Amino acid sequence: MPLWLDIAVQTPAHSQIGGLLTYTHMPAPGEQALVPGTLVRVPLGSRDLLGVVWAIHSTAPARTEGLREISAVLSELPPLPAPWLQLVQFAAHYYQRSVGEVAMAALPPQLRDLNSTQLTRRLRKQPPAAADEATAPGQILSPQQAAALSEITALPGPFLIFGATGSGKTEVYLQAVQQQLQADPLAQALIMVPEINLTPQLETRVIERFGADRVVSMHSGMTPAQRLKSWLAAHSGAARIVLGTRMAIFASLPHLQLIVVDEEHDPSYKQQEGARYSARDLAIYRGRLEQAKVILGSATPSLESWYHSRPASEGGRYQRLLMPARIGQGQLPWVRRVDMNNQPRKTVLSAPLLAAIQSRIERGEQCMLLLNRRGYAPVLHCADCGWKSECPHCSAFRVFHKLDRTLRCHHCGLTDRVPRACPACGNSDIAPMGRGTEQLEEHLAELLAHVHRPDGQAVRILRIDADSTKHKGALETQLAQVHSGEVDVLVGTQMIAKGHDFRRITLVAAINPDNALFSSDFRAPERLFALLMQAAGRAGRDAGQSAQSEMWVQTFHPAHDVFAALKQHDYPAFAASQLTERAQAGLPPSSFQALLRADAKSQDVAQSFLNAAAQALQGQAEHDLAMADVLQQVSLFSAVPMSIQRVANVERAQMLLESPSRMALQKVLARLQPLMHAQRAGPEFKGLIRWLVDVDPLSI
Ligand code: ADP
Ligand code: ZN
Ligand code: ZN
């Protein structure tokens, strides 16, 4: 009896073959019955591709001409579990991409290239399911940790652990995992972190606790071979714990029982290309789907999660668990605001901050300075004719990097040597404007030249940012220098504010955080507050020193809400005021948003493509009462240029859609997609390069 199979394969985004493809299959005598989730190889054009069986029909579809046979069943591999298929399908629908694209992106790249023989060989190399050897004992929990863990045990969740930095959240995650693994010999857990490279300590900690043969990692820094190995270990059930970045949300885990999302507020949980999924949001969905417990944790939760964890009587759906105290009675640092209005013009480091840094160094303590701009100066400038180091391909300035004397565009990557004289007028006196981490490092070295460490040696300054850590292993080396105490002052971008357990840092300073206060992005204050709280959390990790630890903020707006709340370490107050503002303005989490984006050769084409789609939809609604009803609930704003309008000679435009109803927004997006496909062929849109949809965008 022949079968007809709907199969997910990799198809180019926005190709007309967006959905599943149908193939035929004639089972051989004695062949095991096919089930959805089976991996197969199928012909497409002249290629032979990996596919996942999505549905199986024993009756022929309406049209059968041209249907081809699948070329092989990869029967060596257990089929993907049904909830995995459902997760992929949900993600594809919700984020407006094809099932095939999401499914293939969710599988390790090497799997696509292996034939049956190669696969069999890989599988033979798999270790057997890990025996339950003893897990290393955990710490004895503090009362607040014990209370959190017992709620996690007793209730279904999802949970949001709102715990100060250093309050012992990680220990609670690990013991929750431990409980699950002990209760069920097959159980698996997924622990997600924003960026593994930034927190190698966590990986070590998990492996020490559970044993190297039970833990696998999944992140983009791994080789394709390593990724395949981890994936197979998880898929076969041999790995009991997957520790990974956002991509790990799609790991095949047949016995998943617990998902942890550490630092759940972190923007890197949102994928920024292809299907623009939020791994945190998918974790909630997947937990419900598989009846796995979900634990989110943060010292500065996303306002979405904070809102969802309001009391159940007010409609909250998550269980909020409070862990306010730092382990070992460590105190949070004292926050000091320096009013830069009272400092001499062009001051980089105010006198009191400089004095504080100096005395810390003389006592053998470490300081950390944050400046969210890498390079030496954001712009190079000619005072004579007004020339600025604009990127010829982007609507942005090229950044001056003094160390290698280059001008680099941080958007398209264009790099040139710094001109000797102004390219426009020949003036040889061109100067940097503004300040980046390179310049701060240089400036500090001058200011601290006369200062000595307790051992009599000169001050050591280290910069950590995307430039200093370009080469493999550089970050690890640099972090080790901080931990060992070789370094006295650490200068860096937000990269250094996250996650690290620096025990000797007693002073953290934000040099110029004001930009974020007046951004057009409504999430900028939330992100700044989280960054500063995280940074403050780096100070005084060692309880012995925490009483004297300080967080400094240099600002022209010392009375701003963000800094006032920071001063009190009062996230709940900050969140409450932000949520009120957002509710009044109809912004998330009070509403839902999506962005349509178009890239084109001209700004006009990009915008008119988006506007035309919106108009076509409104036109349809005139004859379609149901759609008219849905459209009533969704605001479609006019297309506008993106804030960085041109990148690498591509003009970019966006259109915002907003609705109090997630469902209505989804319906509109689903209807817009075919309209955009249809109008794309029109001659007026010849210059269109691509379009994309970003559902629940993180920045608008
Ligand atoms: P968080 O994840 O909230 O920042 P961690 O779990 O990393 O906090 O804990 C901070 C520090 O306190 C770590 O060095 C950890 O080993 C230690 N710690 C955590 N829980 C305990 C405990 N119950 N007893 C002793 N030390 C603990
Ligand atoms: Zn000039
Ligand atoms: Zn550029």
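Criteria and cut-off values
Residues numbered from 1 in each chain as written. Chains lettered and ligands numbered in written order. Predicted model: local features only at pLDDT ≥ 70, side-chain atom pairs only at ≥ 80, totals over all residues. Heavy atoms only, no water. Pairing = 2+ DSSP bridges. Helix = DSSP H or I, 4+ residues; strand = E, 2+ residues; numbered from the N terminus. Contact = heavy atoms within 4.5 Å. Axes fitted to C-alpha atoms, helices over the stretch in contact; angles between N-to-C directions. Near = heavy atom within 4 Å. Polar contact = N/O pair within 3.5 Å; in protein donor to acceptor, adjacent residues only side chain to side chain. Areas by Shrake-Rupley, 256 points an atom, 1.4 Å probe, with all protein chains shown as cover. Nonpolar A, V, L, I, M, F, W, Y, C, P; charged D, E, K, R; others polar. Domains from an automatic or database assignment. Buried < 20%, exposed > 50% of the residue type's maximum accessible area, 1.4 Å probe, protein only. Lys, Arg positive; Asp, Glu negative; His and termini not counted. Salt bridge = Lys/Arg side-chain N within 4 Å of Asp/Glu carboxyl O. Donors = N, O, S within 2.8 Å, 3.2 Å for Na, K, Ca; no water. Tetrahedral: all angles 85-135°; square planar, octahedral: opposite > 155°, others 65-115°. Parallel < 35°, antiparallel > 145°, perpendicular 65-115°, else oblique. Phe/Tyr/Trp six-rings, centres within 6.5 Å; stacked < 30°, edge-to-face > 60°. Core = buried A, V, L, I, M, F, W, Y, C linked by side-chain atoms within 4.5 Å. Left-handed = near helix turned anticlockwise from the far one by under 90°.

**Q** Please provide a residue-by-residue account of the sheet that holds strand β6 (residues 72-73), values included.
**A** Taken together, six strands build an open sheet; the order of strands is β5-β2-β1-β4-β3-β6 and the sheet is mixed. A strand with exactly one partner marks an edge of an open sheet, and here the two such strands are β5 (68-69) and β6. Pairing between strand β3 (residues 39-44) and β6: two bridges, direction antiparallel. Residue pairing for β6: R41 is matched across the bridge by A72. Strand contacts of helix α2 (residues 99-106): β1 (3-9) and β4 (47-57), with the helix running at about 65 degrees to β1, the strand carrying the most contacts.

**Q** Account for the site of ligand 1, naming residues and giving values.
**A** The environment of ligand 1 is made up of 18 residues, and the closest members are I140, Q145, G166, K169 and T170. Contact between ligand 1 and I140: a nitrogen atom at 2.7 Å from a main-chain N or O atom of the residue. The backbone of G166 places a nitrogen or oxygen atom 2.8 Å from an oxygen atom of ligand 1. Protein contacts shield 78% of the accessible area of ligand 1, which totals 560 Å² for the unbound molecule. A per-element tally of the shell around ligand 1 places helix α5 (residues 169-183) first, with three residues. Looking at the shell around ligand 1 residue by residue, the class counts come to four nonpolar, eight polar and six charged. Per-domain counts for the shell around ligand 1 show at least three residues from each of domain 2 (143-328) and domain 3 (330-374 + 436-585).

**Q** Residue-level account of the side chain of D262, with values.
**A** You can see D262 is positioned in strand β11 (residues 256-262). Look at D262: it is buried, it has no salt bridge, and the nearest opposite charge is K169 at 6.0 Å.

**Q** Account for the coordination of the zinc ion (ligand 3), naming residues and giving values.
**A** When a metal holds four donors in a tetrahedron, each ideal angle between them is 109.5 degrees; when it holds six in an octahedron, the ideal angles are 90 or 180 degrees. Note on the zinc ion (ligand 3): its protein donors are C391 (SG), C394 (SG), C409 (SG) and C412 (SG). The metal-donor distances range over 2.3 Å. Considering all four donor atoms around the zinc ion (ligand 3), the spread of angles at the metal, 107 to 112 degrees, places the coordination shape in the tetrahedral class. Mapped onto the sequence, the donors of the zinc ion (ligand 3) take the spacing C-x2-C-x14-C-x2-C. Here C412 lies in the loop between β18 (406-408) and β19 (415-417) and C394 lies in the loop between β16 (379-382) and β17 (399-401), a separation of 18 residues in the sequence.

**Q** A description of the packing of helix α17 (residues 603-621) against helix α18 (residues 625-632) should follow, citing residues and the corresponding values.
**A** A packed helix pair is summarised by two numbers, namely the angle formed by the two axes and the spacing between the axes. As a packed pair, α17 and α18 sit with axes 7 Å apart at the nearest point and diverge in direction by 130 degrees. Accordingly, the angle class assigned to the pair α17 and α18 is oblique. For the pair α17 and α18, contact is made by L617, Q618 and A621 and by L625, M627, A628 and L631, respectively.

**Q** Give a detailed account of the domain arrangement of the protein chain, specifying residues and quantitative values.
**A** How big an interface is tends to be stated in terms of accessible area lost as the parts join. Structurally, the protein chain comprises domain 1 (3-120), domain 2 (143-328), domain 3 (330-374 + 436-585), domain 4 (377-434) and domain 5 (592-695). Placing the centre of domain 2 and that of domain 4 at their C-alpha centroids yields a distance of 44 Å.

**Q** Before we move on, could you go through the coordination of the zinc ion (ligand 2) and cite the residues and values that matter?
**A** Surrounding the zinc ion (ligand 2) are the protein donor atoms C382 (SG), C385 (SG), C422 (SG) and C425 (SG), at 2.3 Å. Each of the four donor atoms around the zinc ion (ligand 2) contributes to a set of angles spanning 105 to 113 degrees, which defines the coordination as tetrahedral. Within one chain, the residues donating to the zinc ion (ligand 2) are spaced in sequence as C-x2-C-x36-C-x2-C. Remark: C425 occurs in the loop between β19 and β20 (430-433) and C382 occurs in strand β16; sequence separation between them is 43 residues. Looking at C382, the relative accessible area reads 0%, which means it is buried. Look at C425 and you get partly exposed, because its relative accessible area is 40%.

**Q** Tell me what's going on with the packing of aromatic side chains, and back it up with residues and numbers.
**A** Across all of its chains, the model carries 12 aromatic pairs by this definition. A centroid spacing of 4.9 Å and a plane angle of 90 degrees characterise the contact between W306 and Y571, whose relative ring orientation is edge-to-face. Note that W306 is positioned in helix α9 (residues 303-308) and Y571 in helix α16 (residues 571-585), a separation of 265 residues in sequence. Here Y571 falls in the buried class, since its relative accessible area comes to 2%. Judged by centre distance (5.4 Å) and plane angle (70 degrees), the rings of Y376 and F400 are edge-to-face. Of this pair, Y376 sits in the loop between β15 (366-370) and β16 while F400 sits in strand β17; the two residues are 24 residues apart in sequence, bridging distant segments of the chain.

**Q** For the nonpolar core, give the residues involved together with the corresponding values.
**A** As a rule of thumb, nonpolar side chains are buried together in soluble globular proteins. Core analysis: the biggest nonpolar cluster contains 129 residues, and L107, F250 and L657 have the highest contact counts within it. Every residue in contact with F250, bar those within four places of it in the chain, is listed here: W84, L87, V88, A91, V102, A106, Y277, L282 and R286. One finds L174, L202, V215 and L258 within the second-largest nonpolar core, a separate group that totals 28 residues.

**Q** So what's going on with the packing of helix α4 (residues 143-154) against α5? Which residues, and what values?
**A** The interhelical angle for the contact between α4 and α5, taken along N-to-C directions, is 40 degrees, at an axis separation of 10 Å. Where α4 crosses over α5, the two elements pack in a sense that is right-handed. Between α4 and α5, the residues in contact are Q145, A148, L149, I152 and T153 and E171, V172, Q175, A176 and Q179, respectively. Tallied by class, residues from the contact of α4 with α5 come to five nonpolar, four polar and one charged.

**Q** Summarise the sheet that holds β11; cite the residues concerned and give the values.
**A** The strand order β9-β10-β8-β11-β12-β7-β13 describes an open sheet built from seven strands, whose pairing is parallel. Since the sheet does not close on itself, it has two edges, and those belong to β9 (215-218) and β13 (319-323), each with one partner. Ignoring which end each strand starts from, the neighbouring axes of this sheet average 20 degrees apart. Relative to strand β10 (residues 241-244), β9 is paired through four bridges, and the arrangement is parallel. Considered in β10, the bridge of V215 is made with I241.

**Q** Tell me about the pairing of strand β25 (residues 592-600), and name the residues and values.
**A** Extensive coverage of β25 is indicated by the burial of eight of its nine residues. Alignment of β25 against strand β29 (residues 688-695), held across seven bridges, turns out to be antiparallel. Note that in β29 the partner of A594 across the bridge is V695.

**Q** An account of the pattern of salt bridges is requested, with residue identities and associated values reported.
**A** For the structure on display, the rule yields 31 salt bridges. Put simply, R41 and D48 hold a salt bridge, and the shortest N to O gap is 3.0 Å. Since its relative accessible area comes to 9%, R41 is described here as buried. For D48, a relative accessible area of 40% corresponds to the partly exposed category. One salt bridge in this structure joins R453 and D488, with 3.0 Å as the shortest N-O distance. A residue pair is termed long-range when its members are at least 10 positions apart, and R453 in the loop between α11 (437-447) and β21 (461-464) and D488 in the loop between α12 (474-484) and β22 (489-492) qualify at 35 residues. Taking relative accessible area as the criterion, R453 reaches 13% and is therefore assigned buried. Judged by its relative accessible area of 4%, D488 falls in the buried class. One salt-bridge network, held together by shared partners, links R336, R360, R363, E365 and E550.

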